[in-house]
Amino acid sequence: LSGLVGSEMCIRDRSWQPRDMQTFKLSYTQRLSRPGIWQLNPFKDSSTPMQLVYGNPNLESEISHTFSLGYTLFTAKGLNLATELNGRIQNNGIEQTIFMDEDGVANVTYDNIGKARECNLNVFFSGNIIPTLSLYTNLSGGYGDYSSKSAGYSNKGWNYNGYLGARWNAWKDGAISALSLIHI
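Summarised in this report is the structure supplied together with it.

What counts and how
- Residues numbered from 1 in each chain as written.
- Predicted model: local features only at pLDDT ≥ 70, side-chain atom pairs only at ≥ 80, totals over all residues.
- Heavy atoms only, no water.
- Helix = DSSP H or I, 4+ residues; strand = E, 2+ residues; numbered from the N terminus.
- Buried < 20%, exposed > 50% of the residue type's maximum accessible area, 1.4 Å probe, protein only.
- Contact = heavy atoms within 4.5 Å.
- Phe/Tyr/Trp six-rings, centres within 6.5 Å; stacked < 30°, edge-to-face > 60°.
- Lys NZ or Arg CZ within 6 Å of the ring centre and 35° of its normal.
- Patch = residues over 30% accessible without salt bridge, like charges linked within 9 Å, V, L, I, M, F, W, Y side chains within 5 Å.
- Areas by Shrake-Rupley, 256 points an atom, 1.4 Å probe, with all protein chains shown as cover.
- Salt bridge = Lys/Arg side-chain N within 4 Å of Asp/Glu carboxyl O.

1. What to know about the environment of Ala82
By the secondary structure assignment, Ala82 is in strand S5 (residues 80–100). Overall, Ala82 belongs to the partly exposed group, its relative accessible area being 26%. Not counting residues up to four positions away in its chain, the partners in contact with Ala82 are Tyr71, Thr72, Asn122, Val123 and Phe124.

This is how it looks when you write it as structure tokens:
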């Protein structure tokens, strides 16, 4: 973690293996992200007419909480399945704010006004269905809710992405592959 400048993490995880090649995992991560120097610097840049850009030296570090529950299965026949359900909560995200002062000048700065709620499900599968045909997929989808009451914005919605592929070993030293991508 020494390469993470301005961040600290606290990770707690537990795993349970009821049988060989099968694992359940539960984890919690608290991540602290400190503001960058440009977000803290109070110097007012007035190089653009009718606009002041400056940092906020009173910013607090962002704190986010991530929870995840995962399951992994490997079989002797070469089938692999991995699933993970995770969620993230953040109540003090650093966001850029813009407001007009009494002289009509736009002030651009930063404040701890962002909230985020996310829940995602990821599923990976690969394996040989029959000796000459293998399938593989990696799918994920989730819901996000991002808002700031003080700034008056809110954005929420679903997202989906992934791929589905197949490989058919049709003849010796030859194969045909197909891949389909999904992104919404």
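2. A look at the packing of aromatic side chains
Applying the stated rule across the entire model yields five aromatic pairs. Arranged with centres 4.8 Å apart and planes meeting at 45°, the rings of Phe24 and Tyr71 form a pair that is tilted. Residue Phe24 is found in strand S2 (residues 22–33), and its partner Tyr71 is found in strand S4 (residues 62–74); the two are separated by 47 residues along the sequence. The exposure class assigned to Phe24 is partly exposed, which follows from its relative accessible area of 32%. Taken together, a centroid distance of 5.3 Å and an interplanar angle of 45° make the contact between Tyr28 and Phe67 tilted. With Tyr28 in strand S2 and Phe67 in strand S4, this pair connects stretches of sequence that are 39 residues apart. For Tyr28, a relative accessible area of 22% translates into the label partly exposed. In this structure, Lys44 is placed above the aromatic ring of Tyr54, and the distance from its NZ or CZ to the ring centre is 4.8 Å.

3. Overview of a nonpolar patch on the surface
Taken together, the side chains of Leu139, Tyr143, Trp158, Tyr160, Ile182 and Ile184 present a nonpolar region at the surface, about 630 Å² in accessible area. Taken together, the elements giving at least two residues each to the nonpolar patch come down to strand S7 (133–148) and strand S8 (153–171).

4. With respect to the pattern of salt bridges
Within the structure shown, the criterion is met by two salt bridges. Here Asp13 makes a salt bridge to Lys25, at a shortest N to O gap of 3.7 Å. With a gap of 12 residues between them, Asp13 in strand S1 (residues 7–19) and Lys25 in strand S2 connect regions that are remote in the sequence. Residue Glu118 pairs with Arg88 through a salt bridge whose shortest N-O separation is 3.2 Å. Of this pair, Glu118 sits in strand S6 (residues 106–130) while Arg88 sits in strand S5, and the two are 30 residues apart along the sequence. Using a relative accessible area of 22% as the deciding quantity, one classes Arg88 as partly exposed.

5. Here's the deal with the environment of Asn128
Inspection of the secondary structure puts Asn128 in strand S6. Assessed through its relative accessible area of 43%, Asn128 is described here as partly exposed.

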